[in-house]
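Chain and residue survey
Below are the chains, spelled out letter by letter.
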Amino acid sequence: MPYLIGTDEAGYGPNLGPLVISATLWHTPDGVREDDLYTALAGAVSRHGDPDSAVARVPIADSKSLYKSSGSLQALECGVLTAWRAIGRQPANWREAWAQAAPHSLAALDRDPWYADFELQLPLHYDSASLERLADLFLQTLRAADVELVNVRSVIVSPEQFNGELERWGNKATVLSTLTLDLIKAILPAEDGENVFVSCDKHGGRQRYAELLQAAFPDYVVEIYGECRSHSFYRWGPATRRFECRFLEKAERLLPVALASMASKYLRELAMLAFNAFWRQHLPGLRPTAGYPEDARRFRDEIAACQQRLGIADRILWRNR
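Quick caveat: nothing in here was measured; it's all calculated off a predicted structure.

Taken together, seven strands build an open sheet; the order of strands is E5-E2-E1-E6-E9-E8-E7 and the sheet is mixed. Bordering the open sheet on either side are strand E5 (148–157) and strand E7 (223–227), each of which pairs with just one other strand. Pairs of neighbouring strands in the sheet enclose a mean axial angle of 15 degrees, with direction left out of account. One ladder, built from four bridges, connects E7 with strand E8 (residues 231–236); its direction is antiparallel. By the bridge assignment for E8, Glu 223 is matched with Arg 235.

Quick look at the structure:
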């Protein structure tokens, strides 16, 4: 029974707010791969996020198809909180969600002023009974297919940390790749003789990942099986436990990557709710931002005097790329 890992991020492009990277870990029967999971779990999982589908089945799809900027988090929340419940997580508020999903990122809650006094109860759109019913359906379908969702884990990278990583590595794509590979290593189960198949969305258009993989997994030679625009494909490891890693265009079509995409987006949007609430508390009427470059510049200009008055340094506010 191999392990499947899917990874994806939210917030790679913005100048404001965190970068969030998530990984999902699955245990599946031999012969069942990432491409097969939607079929195997069709009784409980929907690729769509309309309310009728969300009531009957769990929406798991590319986060961009489930959530639009300034829209409702309903479908995104339904899928993420149901998946979390399937692995024993039931956060009552956004702080617990952050603590359970990304425990190594908790320092930002104490350091960044927009998180300090922010409170938000979860779920935002669903009652616990509905989520419990969906989680039961999801777990029953997983068991019937002999599939296990083992873990969902995230890392939340603040602007200050991102800028430090950028100075260290020199470009955004390498920052994303390095942090993603660190997360993959962190979520890997202990050595047990079972193969591991990893699928990642492409990182900033990068085509060559062998050097980064070799640095992350130095004990074995990383073999290159193809590097092109649509995919980059690698293998390594001992005969008793082989690793296969693919970086793909539009990898969110694969269920493990789609759930990682959703977890990343949900955590980032909760963080942006805190960020916007902080600035609107000081500047009533300020239009919220999603943090993407053009609007981020508008937002930065409008908060400049307030930022100076509050003594908030650029290094914790603004991502340099």
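Structure shown, so let's carry the discussion forward.
Time to look at the nonpolar core. Most often, soluble globular proteins keep nonpolar side chains buried together rather than apart. Core analysis: the largest hydrophobic core is formed by 70 residues, its most contacted members being Trp 26, Ile 60, Trp 84, Trp 114, Tyr 115, Phe 138 and Trp 279. Beyond its immediate chain neighbours, meaning those up to four positions away, Trp 114 contacts Ala 274, Phe 275, Phe 278, Trp 279, Ile 312, Ile 316 and Leu 317. In this structure, Leu 166, Ala 173, Leu 181 and Ile 184 belong to the second largest nonpolar core, which totals 34 residues.

Attention now moves to the pairing of strand E6 (residues 196–201). Walk down a regular strand and you will see the side chains alternate between the two sheet faces. The buried count for E6 comes to six of six residues, which makes it a mostly enclosed element. As paired strands, strand E1 (residues 3–10) and E6 are joined by five bridges and run parallel to one another. Note on E6: the bridge partner recorded for Tyr 3 is Val 196. Sheet analysis places E6 next to strand E9 (residues 243–248), joined by six bridges and oriented parallel. Paired with Cys 200 across the strands is Phe 247, a residue of E9.

This part is about the packing of aromatic side chains. Overall, the coordinates contain 18 aromatic pairs when judged by the stated rule. Measuring from centroid to centroid gives 6.2 Å for Trp 114 and Trp 279, while their planes differ by 35 degrees, and the two rings are tilted. Residue Trp 114 is located in helix H7 (residues 113–116), and its partner Trp 279 is located in helix H12 (residues 255–282); the two are separated by 165 residues in the primary sequence. Taken together, the aromatic side chains of Trp 114, Phe 275, Phe 278, Trp 279 and Phe 299 make up a single cluster linked through ring pairs.

Criteria and thresholds
Residues numbered from 1 in each chain as written. Predicted model: local features only at pLDDT ≥ 70, side-chain atom pairs only at ≥ 80, totals over all residues. Heavy atoms only, no water. Pairing = 2+ DSSP bridges. Helix = DSSP H or I, 4+ residues; strand = E, 2+ residues; numbered from the N terminus. Axes fitted to C-alpha atoms, helices over the stretch in contact; angles between N-to-C directions. Core = buried A, V, L, I, M, F, W, Y, C linked by side-chain atoms within 4.5 Å. Buried < 20%, exposed > 50% of the residue type's maximum accessible area, 1.4 Å probe, protein only. Contact = heavy atoms within 4.5 Å. Phe/Tyr/Trp six-rings, centres within 6.5 Å; stacked < 30°, edge-to-face > 60°.

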